[in-house]
Structure formats: C-alpha cells, structure tokens
Amino acid sequence: MDIRKTPGDVIRHDVSREDMILINRLSKSELTPEQVYTFALRLCDNEIDRDWERFDEDALDILSGLFVGKSGIFDHNWSAEGQTARLYKTEVCREGGTTEAGDECRFLKGYAYMLRNEKNAPLIEEIEAGIKKEVSIGCSVTDRCCSICGKDQCEHRGGRTYGGKLCYFTLREPTDAYEWSFVAVPAQRKAGIIKSFAHEPGGDLKKLLAAHPGCLQQLDVLEKEARLGRAYMNGLRRELVRLAGLTDEAMDLKIFSRAAEKMEEEELLELTRVYQKRMDEKYAPAPQLRARTAAACEDEDRAFLI
C-alpha cells in the first residue's frame, strides 16, 4: 500500500567535508561547498498523526536506508521538472518523552542538498524565511495494523475510542521510499522550522540534545564541573580582594574587584601569594604564651612565702 506522511521541520545545516563526500557520491560532477545549499528536515516520526496513523520503530530504521538519494519535489507531483533537492544522509533520532501509543519518541531526520543557482535562489530564500518548511514523504508499506483488533482491514475508525481504547493504525515493514515533498499542510503535528544550534544564540542546549541521551549525561557532568570551577574561582577572587583591603588601606576595592573578575587562576594565585606575604609582614603574629624571666619567677615565688 502507498503511504504519504506529512511531518515537517526544515532546519539549516552547515556544509562539512563529510557532507561533501556524501553529496559527491550522488552527483555526476565534483561539487564544492560553495555550489550547494544544504538543510536538514524531519521526515517522519512514530507519533500518531492527524490521519490516526503512525510508523513503528522498526519502520523508521528501514525508511532511514530507503530514503538516502531520494528527490525532493512539490506536493507529491511526480514530475522531473519539480525535482529540486536530494537526500544524501538520514538518521533515526531519539527525543525525550513517549508517544501517545506509549513508545519512546523517535524521528527520522534527513539531510538534503540543492544547487545554489538562479533557479533555486527563490526557494532557498523561502526556506530561510520559514515560508517553505513543511514536508511530506511518499513510501510503500506492507502492513497496516489496527490498534483495536490488530487487522489490516477492519470496521474500526481511526480517532474513535472502543472500550476506552483509542483507535489508530501502525504502519509496518516499508518496502520502498518514493520521494519527499514540500507541502502546505502536514499530517504530523510537529511541523515547522527547527533552528539549528549554530543559528540559535542562547538556545536551550538540553532541548537540542534531547535526542541523544548520552550527550545529555555528558552535559550534566560538564555543568557540575563548571559549577565547581566557578565556585573555586569566586573563592580565589574574594580572598584576593580581602587581603588587598587589609594590606593597602588606600586601595579602592570596587575597582580592584572588577579587575579581579578578569583575572585567570594563575594571576589570582600569584597576587594572593604577594598580598599574603605583605599581610604576614604587616601583622606579624604574636605568641599568647611568653617565657618568664628568672627574676619574674623569683618574685612570683616570694609572693607565696609565709
């Protein structure tokens, strides 16, 4: 059976050396990074869509291989004139949370390229402006399973509840991938532009890494180490300012504190050593217990003679 799913999420992607190797495997002539425009897009996921259908996890893995090299067109119009881009790489990504069906959220990400020429300039401009963003895929699957009865063809209708259970259909065992298209209205709800990390200053890094649990764990470790490092540096600065204030009464501590904020560890440690030495010289420690002289001991003994 032929299936057309319409998620979306077109995002920019910078051209790397690895990208160019994959792109040139598909091109007839050797292309350079200056000749191509690349972007990444969310092709499909395993969430229940507006058609009350979803791909299972195995289907996403199969589609990942099938879609490499497939053309990007418009509105599923199978015409050579509409060919505008091509997928050169795909990957299945994980993201936080679970689907409505109870599975871990996963989606198929594709990387596409097109030529930078006069013909494609308007489309590139529309992609950059967020006007062209939703996409749809065309593929063929072997099995379509009802969540109520498990059958391919049945009387159940997607979106309705039967005995308190939602009816939807799971698409399984893809056999072919035809194309992907720019469309106006996507079936999957996560349609829209996703800004890439390089183009989202101040973005939430954890959201960007949600699809990679291992990276999130590394980020947590790095954040903890960063907090400890900041606490250590702040302690060095406070101690330096304290010693400077005690040893130099003419010091403007506000100005000195601002200067200390720009110092690195080596500078802070050296100045702290210098001011600590001045501190020891200026306020030499005096012992609380002093040795008594022989005369003092004698006088003290006489005071108790009877």
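Keep in mind it's a predicted model, so treat the numbers as computed, not measured.

S.K.: Help me understand the overall build of the chain, please; the structure alone is not making it clear to me.
M.R.: Helix and strand counts for the chain come out as 8 helices and 11 strands. When burial is assessed residue by residue, the chain has 37% of its 306 residues classed as buried. In the chain, 72% of the contacts between residues at least 6 apart in sequence involve partners at least 24 apart. When the accessible surface of the chain is summed, it comes to about 18,600 Å², and 51% of that surface belongs to carbon and sulfur atoms.

S.K.: Sorry if this is basic, but what is going on with the pairing of strand β6 (residues 85-98) here?
M.R.: As a general feature of sheets, a regular strand has side chains that alternate between the two faces. Where strand β5 (residues 71-74) and β6 come together, 2 bridges link them in antiparallel fashion. For Gly72, the partnering residue across the bridge sits in β6 and is Ala85. Counting the residues in the hairpin turn of β6 and strand β7 (residues 104-115) gives 5 residues, including Gly102, whose phi is positive at 95°.

S.K.: Would you explain the pairing of strand β8 (residues 135-146) in this entry?
M.R.: Counting buried positions over the 12 residues of β8 gives 10, a clear majority of the element. Across 11 bridges, the pairing between β8 and strand β11 (residues 169-182) is antiparallel. Within β11, the residue paired with Cys145 across the bridge is Thr170.

S.K.: Even after reading the chapter, I still don't get a negative patch on the surface, so can you show me in this structure?
M.R.: On the surface, a cluster of negative charge is contributed by Glu264, Glu265, Glu266 and Glu267. For Glu265, the location among the structural elements is in helix α7 (residues 265-282). Here Glu265 falls in the partly exposed class, since its relative accessible area comes to 35%.

S.K.: What should I look at first to understand the layout of surface pockets in this one?
M.R.: Taking a probe equal in size to a water molecule and rolling it over the atoms shows the remaining empty space. Taken as a whole, the second largest pocket encloses approximately 260 Å³ of empty space. If you go around the second largest pocket, you meet 13 residues; those closest to its centre are Gln83, Thr84, Ala85, Tyr113 and Leu115. Elements that contribute at least two residues to the lining of the second largest pocket include exactly β6 and β7. If you tally residues by element for the lining of the second largest pocket, the top one is β7, at 3 residues. Along the lines of polarity and charge, the residues of the lining of the second largest pocket split into 5 nonpolar, 6 polar and 2 charged.

S.K.: Help me understand the nonpolar core, please; the structure alone is not making it clear to me.
M.R.: General note: in soluble globular proteins, nonpolar side chains tend to be found buried as a group. Phe39, Phe55 and Trp180 are the most contacted members of the largest nonpolar core, which has 26 residues in total. Listing elements by their share of this core, those giving two or more residues are β3 (36-45), α2 (57-66), β6, β7, α3 (121-129), β8 and β11. Ranked by residue count, the leading element in this core is β3, at 5 residues. In terms of nonpolar packing, the next biggest core, distinct from the first, is built from 12 residues, Met233, Leu236, Leu240 and Leu243 among them.

S.K.: When you look at the state of the cysteines in this model, what are you seeing that I'm missing?
M.R.: Joining two cysteines, a disulfide is a covalent bond between their sulfur atoms. Under the counting rule described, the total for this entry stands at 0 disulfides. Cysteine Cys146 is unpaired, with the sulfur of Cys154 as its nearest cysteine sulfur at 3.8 Å. Free of any disulfide, Cys149 has its nearest neighbouring cysteine sulfur in Cys154, separated by 3.6 Å.

S.K.: What am I meant to see in the side chain of Glu179 here?
M.R.: Along the chain, the position of Glu179 falls in strand β11. At 3.2 Å, the side chain of Glu179 and the side chain of Trp78 are in polar contact. Discounting chain neighbours no more than four positions away, the residues touching Glu179 are Phe67, Ser71, Ile73, His76, Trp78, Ser136, Ile137 and Gly138.

S.K.: Explanation requested: α2 in the structure shown.
M.R.: Residues lying three or four places apart along an α-helix face the same way, a consequence of the helix completing one turn every 3.6 residues. Listed in full, the buried residues belonging to α2 are Ala59, Leu60, Leu63 and Ser64. On an axial view of α2, the arc spanned by its buried residues comes to 145°, and they lie on one face. Away from the buried face of α2 by more than 90 degrees, exposed residues Asp58 and Gly65 are located. Buried positions along α2 lie against β3, β4 (53-55), β6, β7, β8 and β11.

Calculation notes
Residues numbered from 1 in each chain as written. Predicted model: local features only at pLDDT ≥ 70, side-chain atom pairs only at ≥ 80, totals over all residues. Heavy atoms only, no water. Helix = DSSP H or I, 4+ residues; strand = E, 2+ residues; numbered from the N terminus. Buried < 20%, exposed > 50% of the residue type's maximum accessible area, 1.4 Å probe, protein only. Contact = heavy atoms within 4.5 Å. Areas by Shrake-Rupley, 256 points an atom, 1.4 Å probe, with all protein chains shown as cover. Pairing = 2+ DSSP bridges. Patch = residues over 30% accessible without salt bridge, like charges linked within 9 Å, V, L, I, M, F, W, Y side chains within 5 Å. Salt bridge = Lys/Arg side-chain N within 4 Å of Asp/Glu carboxyl O. Lys, Arg positive; Asp, Glu negative; His and termini not counted. Charge placed at Lys NZ, Arg CZ, Asp CG, Glu CD. 1 Å grid on protein atoms, 1.4 Å probe; cavity = no way out; pocket = protein on both sides within 12 Å on 5 of 7 lines; lining within 4 Å. Points joined across faces, edges and corners; volume = space filled by probe spheres on them. Nonpolar A, V, L, I, M, F, W, Y, C, P; charged D, E, K, R; others polar. Core = buried A, V, L, I, M, F, W, Y, C linked by side-chain atoms within 4.5 Å. Disulfide = S-S within 2.5 Å. Polar contact = N/O pair within 3.5 Å; in protein donor to acceptor, adjacent residues only side chain to side chain. Arc of directions from axis to C-beta.

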